[in-house]
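Below are the chains, spelled out letter by letter.
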Amino acid sequence: MNSETKIGISLIMANRNKGEYIEQAIKSILKQNDNRWQLIIVDDASSDNSVEVINSFLPHSQIIFERFYEHGGYVAALKKMISLSDHCIIGTIDSDDVLAPEAAKTVLSVYDKFPEIGFVYSQFMFCDIDLKPVKQGFNRLMPEGSSNIFDYYASAFRTFRKNVYYQVGGFDFEIEKAEDRDLILKMEEQTKFYFIDKTLYYHRILPDSESHGLKNSYISRSSHALAKLKAYRRRLSTNLPNLDKDGLSKEMWGGAINSAAVFRWHRTLYFIWRALIARPLSVLNTFWFLKRVFQEWKHRFYLYKNQK
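Basis of the calculations
Residues numbered from 1 in each chain as written. Predicted model: local features only at pLDDT ≥ 70, side-chain atom pairs only at ≥ 80, totals over all residues. Heavy atoms only, no water. 1 Å grid on protein atoms, 1.4 Å probe; cavity = no way out; pocket = protein on both sides within 12 Å on 5 of 7 lines; lining within 4 Å. Points joined across faces, edges and corners; volume = space filled by probe spheres on them. Helix = DSSP H or I, 4+ residues; strand = E, 2+ residues; numbered from the N terminus. Nonpolar A, V, L, I, M, F, W, Y, C, P; charged D, E, K, R; others polar. Phe/Tyr/Trp six-rings, centres within 6.5 Å; stacked < 30°, edge-to-face > 60°. Buried < 20%, exposed > 50% of the residue type's maximum accessible area, 1.4 Å probe, protein only. Pairing = 2+ DSSP bridges. Patch = residues over 30% accessible without salt bridge, like charges linked within 9 Å, V, L, I, M, F, W, Y side chains within 5 Å. Areas by Shrake-Rupley, 256 points an atom, 1.4 Å probe, with all protein chains shown as cover. Salt bridge = Lys/Arg side-chain N within 4 Å of Asp/Glu carboxyl O. pLDDT = per-residue confidence, 0-100. Contact = heavy atoms within 4.5 Å.

**Re the layout of surface pockets**
The rolling of a water-molecule-sized probe over the atoms marks out the regions of remaining empty space.
So, point 1. If you add up the space inside the second largest pocket, you get close to 390 Å³.
So, point 2. Met 142, Pro 143, Glu 144, Gly 145 and Ser 146 are, among the 16 residues lining the second largest pocket, the residues nearest its centre.
So, point 3. When residues in the lining of the second largest pocket are grouped by element, the largest group, 4 residues, is from strand 9 (residues 192-204).
So, point 4. Of the residues belonging to the lining of the second largest pocket, the class tally is 9 nonpolar, 3 polar and 4 charged.

Here it is in C-alpha cells:
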C-alpha cells in the first residue's frame, strides 16, 4: 500500500474518544467536490462510541479504518495511517474538526500545477464547540528568508508530499504534542512551501478542563523547544534561516521552564545545559528561572484546588 502511483490525497484522521464529533469530520470528507481522496482513520483505543460511529460509514470504498486496542499515542497513529496511504499527498485532519468542501480540490490543484512544491497549507478558522466561527486563524505567507523557527506561519490545513515526509524522517516520537511543528521545520529544510489564503479548515475549540489543557500546553511548548533545538543543530553550517546563540539560549530557558512545570526533570536539566552552552553568561537567568517555575507551580496548584 506504499505505492505513490495514484494522484490524489490521503486524508489521515487519528481519533481518541471524539465520538461526539467525528461524524461531522467524516461527513466533511464525504462532501469534498474533488473525488481524488481517501480517508484513513486510526482509532487509538477509544472508550466512548467512536468505533460505533466510524463503523456506520463502513464499508466505503474510500475509507480505511484501523483500530488500536491498546493506547499507542498520536504519533503512532499518524505513522500507521501514512503507511496505509495509497496517494502521493498527505493531509491531516483532527477528528473533531472539519474541512471545507473545496479543500481537497484546492490543495491538489497546487500540487498539480507546481511539482516543486512539497508542503501546502491554508488559512483556518477557530470555531466554538458548535463549529460557529470565533476568529480567523494565524496562518500567513512565510516571507522570503524567514522560517517557522522564528514565528508561526504554517498550521492547519497541513498537506505534504509523502516522498518528502519519508525524506525528512517523518514524525518524531520524542516531540510529544508538537510533532506537527517538528515536521514543518524539517519540511522547510527540504522543500518549498505554498500558502493558500483561503479558509479550508475549521478548528473546533473544545471545553477541556483548564488543568488538563494547561498540562498539555506545557508539554507542547517544551517539545516545541526541543524541535527548535534539533532544527538549529541540523541547520548549522547551512544557509538556512536559523536561530542565533542568543535566540537559542532564550528558547532553551523557555523549554526548561515548561519542562519543570510538569516535573520533567531530565529534559529541564538538558535544556538548561544547552542554554548555557549557547550563552554561558545566561547562568545569570537562574534566579529568574526559579521564580518563573515557582509561579507556574503556584498557578497549577491554584487551578487544581479550585476544581475540587
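Once the structure has been displayed, the description carries forward.
**A short note on the packing of aromatic side chains**
Geometry of an aromatic ring pair is reported as the spacing of the ring centres plus the angle between the planes.
So, point 1. The final tally for this structure, using the stated rule, is 19 aromatic pairs.
So, point 2. Judged by centre distance (6.5 Å) and plane angle (45°), the rings of Phe 126 and Phe 138 are tilted. Of this pair, Phe 126 sits in strand 6 (residues 117-127) while Phe 138 sits in the loop between strand 7 (133-136) and strand 8 (158-161); the two residues are 12 residues apart in sequence, bridging distant segments of the chain.
So, point 3. Overall, the relative accessible area of 36% leaves Phe 138 in the partly exposed class.

**A short note on the pairing of strand 4 (residues 87-92)**
So, point 1. Among the 6 residues in strand 4, 6 count as buried, and that is most of the element.
So, point 2. Note that strand 4 and strand 8 share 3 bridges and pair antiparallel. Bridge assignment links Ile 90 to a residue of strand 8, and that residue is Phe 160.

**Some details on a nonpolar patch on the surface**
So, point 1. On the surface, a cluster of nonpolar side chains totalling about 450 Å² of accessible area is made up of Phe 263, Trp 265, Phe 294 and Trp 297.
So, point 2. In this fold, Trp 265 is placed in helix 9 (residues 265-278).

**Focus on the confidence of the model for the protein**
So, point 1. Of all residues in the protein, 94% have pLDDT values of 70 or greater, and the mean over the chain is 93.
So, point 2. In this model residues 1-5 is a low-confidence stretch, pLDDT under 50, and it forms 18 contacts with partners more than four residues away in sequence or in other chains.

**A closer look at unusual backbone geometry**
So, point 1. In this structure, Pro 59 follows Leu 58 across a cis peptide bond, with omega equal to -5°.
So, point 2. Residue Phe 157 is bonded to the preceding Ala 156 through a cis peptide linkage, with omega at 0°.
So, point 3. One non-glycine residue, Asn 17, lies in positive phi territory at about 60°.
So, point 4. With respect to the helices and strands, Asn 17 occurs in the loop between strand 1 (6-15) and helix 1 (22-30).

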